Amino acid sequence: MLWLLATDTSRLRKCLVGARAGRTRRALPGAAAATGVRIIAQCIIPCGVRAIVEATCRGHVRNFARRFFAMTAAAVREPVFWRAGLRIEPIAPAEIGVYRSYLQRSESASTEVPLKTSTGKLGRRTAVRRAHALLQLVDRANAAEIGHDETSSYARRYTMDHDPPADDRAAFARLCAAIFANGIGFNAVRNHREALDAAFDLFDPTRVARYDDARIDAILRQPIICDRAKVAACVENARRWLACAADEGTYLGRVARCAAQDDAAVGWPALVELLRSDFVRVAEMTARQVLKRWGFFTALSHPGGKRCLERLGLMAPQAPAPAAQQFIGAIAGAGGRDPYALEASFVLFSTIGPCRTRPLCLRCPLAERCPAAQLEAAPPRPAASSTAAKSA
Ligand code: SF4
């Protein structure tokens, strides 16, 4: 029978590096020979040992682990203290590939990137350096899930969706998109982008402002959008857009003037209020979505990206959204990357990758470096790749 044996050291981190890891590795075959257990695969990571072994029963695996502890205690000058709890799980023969790749990922994650594994309070510069190193593993995990091409094209799409708009028409289109996306998501709106452009005259506010009830009815008869209140809100907002722009030249000019007095570090509160007061059907979250899609990076934080940073111990739990965005901006600056492209990596990792709302830590290449890793459950079966990822 095949078994997975997982055992950790009492101090968990940095107990098995350098010479101690070498001695521990040499103790494994000796313990196996003494207890009649066959080792199929093994890995030594900074917090313990993982091994796939063949043995007739669970008791033999337990004996093997105890003999191994005794041998490492005798061989290591600075002893490694092993935790009492052993994890021994049976492996179905068909699943051995999953367990083997888990061991390979665990070992490569602990050797490829030199990184501090302290979970104490980190200085900002240290946290940025750590995050930058972890990002390589995040990108690798995303590519393993959906391929390099799809990962790059998602990052490009994400960046383009958030580029500062070139003119009032493009800015108004994104305001309308945020209203349409309310309740159905941005992906659904993006899928109908061409049909929406055709139905709304490319979102030219001058033309949309002249729409009457008959024109709204005509739009609703098309299979694009069926919520009259949203269409009517866009028409009303086009009228308000023109009224505000009449005072300032363009509406984006009004936004720029307000932004000059506002504070990015606290998430552009004045701009949020400006949008809420200027338009209908724009609540705080919608206003923040619009601002982020107008290039105001700290206006809104993607919940998945923020969740990853918190789980990895790079950011305090419950940190405000602007702080999360500033941190992502700092990582991007350190690596010379676009902050939106970098955020896209974390978004993918938290939607199609392992760090979902319910994390799949046994599939995660960051597991051995992650303070929030949950390695107790059995490894999941390989999941089918998905090409869809939620939009911010
Ligand atoms: S180990 Fe788990 S919690 Fe940590 S980043 Fe990976 S999936 Fe998320």
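See the structure shown above.
Because the structure is a prediction, the values reported are computed rather than measured.

*Asks:* Describe the overall build of the protein, naming the residues involved and giving the relevant values.
*Replies:* Helix and strand counts for the protein stand at 17 helices and four strands. Carbon together with sulfur atoms contributes 54% to the accessible area of the protein, which is approximately 18300 Å² in total.

*Asks:* How would you explain the pattern of salt bridges if you had to name every residue and give the values?
*Replies:* Enumeration according to the criterion identifies 15 salt bridges in this entry. In this structure, glutamate 310 engages lysine 306 in a salt bridge whose closest nitrogen and oxygen atoms are separated by 3.1 Å. In this pair, glutamate 310 and lysine 306 both sit in helix 15 (residues 303-311), four residues apart, roughly one turn of the helix. By relative accessible area, which is 22% here, glutamate 310 ends up partly exposed. With relative accessibility at 16%, the residue lysine 306 sits in the buried group. Through salt bridges with shared partners, one network takes in Asp161, Arg190 and Arg193.

*Asks:* An account of the site of the ligand is needed here, citing residue identities and associated values.
*Replies:* Every residue near the ligand is listed here: Arg311, Leu312, Pro354, Cys355, Pro359, Cys361, Cys364, Ala367, Cys370 and Ala373. Residue classes in the shell around the ligand are distributed as nine nonpolar, no polar and one charged.

*Asks:* Quick one: what's the story with the nonpolar core, residue by residue and with numbers?
*Replies:* By size, the foremost hydrophobic cluster in this structure holds 47 residues, and its most contacted members are Phe180, Phe200, Tyr251, Leu271, Leu275, Trp294 and Phe296. Broken down by secondary-structure element, the contributors of at least two residues to this core are helix 6 (168-181), helix 7 (186-191), helix 8 (193-199), helix 10 (213-221), helix 11 (228-248), helix 12 (251-261), helix 13 (269-278) and helix 14 (284-293). Considering each element in turn, this core owes the most residues, ten residues, to helix 6. When residues no more than four places from it in sequence are discounted, the contact partners of phenylalanine 296 are Val255, Ala259, Trp268, Leu271, Leu291 and Tyr340. If you look at the next biggest cluster of nonpolar residues, it comprises 37 residues, including Leu135, Leu312, Phe327 and Ile331.

*Asks:* Before we move on, could you go through the side chain of asparagine 237 and cite the residues and values that matter?
*Replies:* Mapped onto the elements, asparagine 237 comes out in helix 11. Leaving out residues up to four positions away in the same chain, asparagine 237 has contacts with Phe172, Leu175, Ile179, Phe279 and Val280.

*Asks:* Account for helix 15, naming residues and giving values.
*Replies:* Given 3.6 residues to a turn, an α-helix orients residues that are three or four positions apart in the same direction. Across the nine residues that make up helix 15, a large majority, seven, are buried. Positive phi shows up at glycine 313, right after helix 15, with a value of about 75°.

*Asks:* Talk me through the packing of helix 4 (residues 124-146) against helix 16 (residues 321-335); I want residue IDs and the actual numbers.
*Replies:* The relative placement of two packed helices comes down to the angle between their axes together with the axis-to-axis distance. One way to put it is that helix 4 packs onto helix 16 with a least axis distance of 9 Å and a crossing angle of 65°. Here helix 4 lies roughly perpendicular to helix 16, going by the angle between them. Crossing hand, helix 4 versus helix 16: right-handed. Contacts from Arg124, Ala127, Val128, Ala131 and His132 of helix 4 reach helix 16 at Gln326, Phe327, Ala330, Ile331, Ala334 and Gly335. Class assignment for the residues of the contact of helix 4 with helix 16 results in seven nonpolar, three polar and one charged.

*Asks:* Pulling in residues and values, what's your account of unusual backbone geometry?
*Replies:* You will see that aspartate 201, though not glycine, has its phi angle at about 50°, which is positive. Tracing the chain through its elements places aspartate 201 in the loop between helix 8 and helix 9 (205-208).

*Asks:* So what's going on with the packing of aromatic side chains? Residues and values would help.
*Replies:* Enumeration over the complete set of coordinates arrives at 14 aromatic pairs. Here phenylalanine 180 and phenylalanine 203 contribute two aromatic rings whose centre-to-centre distance is 6.4 Å and whose plane-to-plane angle is 55°, an arrangement assigned as tilted. Here the residue phenylalanine 180 occupies a position in helix 6, and phenylalanine 203 occupies one in the loop between helix 8 and helix 9, the gap between them amounting to 23 residues. As far as burial versus exposure is concerned, phenylalanine 180 and phenylalanine 203 are alike and both buried. Consider the rings of tryptophan 268 and phenylalanine 296, whose centres lie 4.9 Å apart with planes at 75°: the pair is edge-to-face. You can see tryptophan 268 sitting in the loop between helix 12 and helix 13 and its partner phenylalanine 296 sitting in the loop between helix 14 and helix 15, a full 28 residues away along the chain. For phenylalanine 296, a relative accessible area of 14% puts it in the buried group. Among the aromatic side chains, those forming a connected cluster through ring pairs are Phe172, Trp241, Tyr251, Phe279 and Trp294. Here the basic side chain of arginine 215 rests over the ring of tyrosine 211, its NZ or CZ set 4.3 Å away from the ring centre. Over the ring of phenylalanine 186 we find arginine 293, and its NZ or CZ is 3.6 Å from the ring centre.

Rules behind the numbers
- Residues numbered from 1 in each chain as written.
- Predicted model: local features only at pLDDT ≥ 70, side-chain atom pairs only at ≥ 80, totals over all residues.
- Heavy atoms only, no water.
- Helix = DSSP H or I, 4+ residues; strand = E, 2+ residues; numbered from the N terminus.
- Areas by Shrake-Rupley, 256 points an atom, 1.4 Å probe, with all protein chains shown as cover.
- Salt bridge = Lys/Arg side-chain N within 4 Å of Asp/Glu carboxyl O.
- Buried < 20%, exposed > 50% of the residue type's maximum accessible area, 1.4 Å probe, protein only.
- Near = heavy atom within 4 Å.
- Nonpolar A, V, L, I, M, F, W, Y, C, P; charged D, E, K, R; others polar.
- Core = buried A, V, L, I, M, F, W, Y, C linked by side-chain atoms within 4.5 Å.
- Contact = heavy atoms within 4.5 Å.
- Axes fitted to C-alpha atoms, helices over the stretch in contact; angles between N-to-C directions.
- Parallel < 35°, antiparallel > 145°, perpendicular 65-115°, else oblique.
- Left-handed = near helix turned anticlockwise from the far one by under 90°.
- Phe/Tyr/Trp six-rings, centres within 6.5 Å; stacked < 30°, edge-to-face > 60°.
- Lys NZ or Arg CZ within 6 Å of the ring centre and 35° of its normal.

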